[in-house]
Amino acid sequence: MSDRPKGGVHYPRSTGEFQSWFGTDADCLDYLAWLRWPQGFVCPQCENPSGWAVVGGSFKCASCKKETAVTAGTLFDRRRTPLTVWFAVCWQFATAKDGVSAQSLQR
Ligand SMILES: [Zn+2]
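Residues numbered from 1 in each chain as written. Predicted model: local features only at pLDDT ≥ 70, side-chain atom pairs only at ≥ 80, totals over all residues. Heavy atoms only, no water.

**Quick notes on the coordination of the zinc ion**
- Donor atoms from the polypeptide that coordinate the zinc ion comprise Cys 43 (SG), Cys 46 (SG), Cys 61 (SG) and Cys 64 (SG), at 2.2 to 2.3 Å from the metal.
- Read N to C, the donor residues that coordinate the zinc ion are spaced as C-x2-C-x14-C-x2-C. Of the two residues, Cys 43 is situated in the loop between α2 (25-36) and β1 (51-54) and Cys 64 in the loop between β2 (58-61) and β3 (67-69); the sequence distance between them amounts to 21 residues.
- Overall, the relative accessible area of 29% leaves Cys 64 in the partly exposed class. (Donors = N, O, S within 2.8 Å, 3.2 Å for Na, K, Ca; no water. Helix = DSSP H or I, 4+ residues; strand = E, 2+ residues; numbered from the N terminus. Buried < 20%, exposed > 50% of the residue type's maximum accessible area, 1.4 Å probe, protein only.)

Right, here's the structure in full:
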């Protein structure tokens, strides 16, 4: 998963690309996971670098078995709105300006 998003370097270059990247909540979660753990999942509790994705957008640590939500600590945490909607709003906001970075999307 570490070398997937590229586009205009890690953000979509066009609305068409945006829609193909973020068509479903799962796509959005994948992207958030990738932003958060570009080298792959690392457990925030024990720093063990292996784990696996579980249903609902979380990762489970292979060592301490703690589940970490991809969205924990981000503005997407405890969301009531589908991620696709959030992403569309961020995208519109971002494209209203000259550029967008992964960091600004993450904020
Ligand atoms: Zn752990």
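Back to the text.
**Details of α2**
- End to end, α2 covers 16 Å across 12 residues, agreeing with the expected 16 Å (1.5 Å per residue, within 8%).
- Residues of α2 that are buried: Cys 28, Leu 29, Tyr 31, Leu 32, Ala 33, Trp 34 and Leu 35. (Expected span 1.5 Å × (residues − 1).)

**Side note on the packing of aromatic side chains**
- By the definition in use, this model includes 11 aromatic pairs.
- Their ring planes at 80 degrees and their centres at 5.8 Å tell us that Trp 21 and Phe 22 sit as a pair that is edge-to-face.
- Looking at Phe 22, the relative accessible area reads 6%, which means it is buried.
- Judged by centre distance (5.2 Å) and plane angle (70 degrees), the ring pair of Trp 37 and Phe 59 falls under edge-to-face. Pair noted here: Trp 37 is in the loop between α2 and β1 and Phe 59 is in strand β2, with a separation of 22 residues, a long-range link. For the pair formed by Trp 37 and Phe 59, the shared burial category is buried.
- Grouped by ring-pair contacts, the aromatic residues Phe 18, Trp 21, Phe 22, Tyr 31, Trp 34, Phe 87 and Trp 91 constitute a single cluster. (Phe/Tyr/Trp six-rings, centres within 6.5 Å; stacked < 30°, edge-to-face > 60°.)

**A closer look at the pattern of salt bridges**
- Scanning the entire structure with this criterion turns up one salt bridge.
- Put simply, Arg 13 and Glu 17 hold a salt bridge, and the shortest N to O gap is 2.9 Å.
- For Arg 13, a relative accessible area of 58% puts it in the exposed group. (Salt bridge = Lys/Arg side-chain N within 4 Å of Asp/Glu carboxyl O.)

**Considering the packing of α2 against helix α3 (residues 83-95)**
- Between α2 and α3, the shortest axis-to-axis distance is 8 Å and the interhelical angle comes to 65 degrees. Residue-level inspection shows Asp 25, Cys 28, Leu 29, Tyr 31 and Leu 32 of α2 in contact with α3, the latter providing Leu 83, Thr 84 and Phe 87.
- When its residues are assigned to classes, the contact of α2 with α3 shows six nonpolar, one polar and one charged. (Axes fitted to C-alpha atoms, helices over the stretch in contact; angles between N-to-C directions. Contact = heavy atoms within 4.5 Å. Nonpolar A, V, L, I, M, F, W, Y, C, P; charged D, E, K, R; others polar.)

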